Amino acid sequence: MSIELIERDIEELSSIEPLWRQLNEIHKAKSVNFGRVYEYYTFEKRMEGLIAGFPKGKQLLNILINTETNEDIGYCLSTIEDGAGEIESIFIKPEYRRQHLGERLMNSALAWFDLNSVRNITIGVVYGNDEALPFYRHCGFDVSVYLLRRSVR
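The structure displayed is predicted, hence computed values, not measured ones.

(A) Summary view of the pattern of salt bridges. Summed over the entire model, instances satisfying the criterion amount to 7 salt bridges. As a salt-bridge pair, Glu 44 and Arg 21 come within 3.9 Å of each other at their nearest N and O atoms. With Glu 44 in helix H3 (residues 43–53) and Arg 21 in helix H1 (residues 17–30), this pair connects stretches of sequence that are 23 residues apart. According to the relative accessible area criterion, Glu 44 is partly exposed, its value standing at 44%. With a shortest N-O distance of 2.4 Å, Glu 71 and Lys 93 are connected by a salt bridge. One end of the pair, Glu 71, is in strand S3 (residues 71–81); the other, Lys 93, is in the loop between strand S4 (84–92) and helix H4 (101–115), and 22 residues separate them in sequence.

(B) Molecular detail of unusual backbone geometry. Backbone geometry at Asn 70 places phi at a positive 55°, although glycine is not the residue there. As for its position among the elements, Asn 70 is in the loop between strand S2 (58–66) and S3. In the Ramachandran plot, His 100 falls in the positive-phi region, its phi being about 65° despite a non-glycine side chain. Take His 100: it is sitting in the loop between S4 and H4. With relative accessibility at 59%, the residue His 100 sits in the exposed group.

(C) Geometry of the side chain of Ser 89. With respect to the helices, strands and loops of the structure, Ser 89 is situated in strand S4. Polar side-chain contacts of Ser 89 include one of 2.5 Å to the side chain of Tyr 75. Sequence-distant contacts of Ser 89, that is, excluding residues within four places in its chain, are made with Trp 20, Leu 23, Tyr 75, Cys 76 and Leu 77.

(D) The arrangement of the confidence of the model for the protein in detail. Looking at the protein, the pLDDT average stands at 89 and 97% of residues meet or exceed 70. Ranking the elements of the protein by mean pLDDT puts helix H2 (residues 35–39) last with 76 and H4 first with 97.

(E) Structural context of the nonpolar core. If you look at the biggest cluster of nonpolar residues, it comprises 24 residues, and the most contacted ones within it are Ile 87, Ile 90, Met 106, Phe 113 and Phe 141. When contributions to this core are tallied by element, the ones reaching two or more residues are S2, S3, S4, H4 and strand S5 (120–123). Ranked by residues supplied to this core, first place goes to H4 with 7 residues. Non-local contacts of Ile 87, meaning those with residues more than four positions away in its chain, are made with Cys 76, Leu 77, Ser 78, Met 106, Ala 109, Phe 113, Ile 121, Thr 122, Ile 123 and Phe 141. Residues Met 47, Ile 63, Ile 65 and Leu 77 belong to the second largest nonpolar core, which totals 15 residues.

(F) Expanded view of the packing of aromatic side chains. Applying the stated criterion across every chain yields a total of 3 aromatic pairs. Between the aromatic rings of Trp 112 and Phe 113, the centroid separation amounts to 5.3 Å while the plane-to-plane angle is 50°, which identifies the pairing as tilted. For the pair shown, Trp 112 and Phe 113 are each scored as buried. Where Phe 135 meets Tyr 136, the ring centres are 5.2 Å apart and the plane angle is 65°; that geometry is what we call edge-to-face. Cation over ring: Arg 149 sits above Phe 34, and NZ or CZ is 5.8 Å from the ring centre.

The rules behind each value
- Residues numbered from 1 in each chain as written.
- Predicted model: local features only at pLDDT ≥ 70, side-chain atom pairs only at ≥ 80, totals over all residues.
- Heavy atoms only, no water.
- Salt bridge = Lys/Arg side-chain N within 4 Å of Asp/Glu carboxyl O.
- Helix = DSSP H or I, 4+ residues; strand = E, 2+ residues; numbered from the N terminus.
- Buried < 20%, exposed > 50% of the residue type's maximum accessible area, 1.4 Å probe, protein only.
- Polar contact = N/O pair within 3.5 Å; in protein donor to acceptor, adjacent residues only side chain to side chain.
- Contact = heavy atoms within 4.5 Å.
- pLDDT = per-residue confidence, 0-100.
- Core = buried A, V, L, I, M, F, W, Y, C linked by side-chain atoms within 4.5 Å.
- Phe/Tyr/Trp six-rings, centres within 6.5 Å; stacked < 30°, edge-to-face > 60°.
- Lys NZ or Arg CZ within 6 Å of the ring centre and 35° of its normal.

See the structure below:
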């Protein structure tokens, strides 16, 4: 199997929709307190919010492609705004995990942040998705703050 990492123009953001939907389903299933929120969280709403911030900063969209099947198998969307970096979204299809592909995406994003002299980088992890934490720790991220939310039911 041959996997290629490519950079796509931010105008091609819609190409990650099928992968993003899979990630949203995982968030819906794993979120301890807010799973229902992900039922109504659409790709269009998420992209609307991101695109509104794009003119202020820089964006990087990396895609992993299985070149044998021409299938997108993962992506990482990273942004820089006011000198701060954020991994906005990262996902690898479950059947392609445990092959260091997440590291490949993350290393590319971290190199891009370094190239842009960004030292403060954040990533949000859904509460309940504890199995993702060792990966992020391996990539140099540590828990900084617990953000609590009250939802009116």
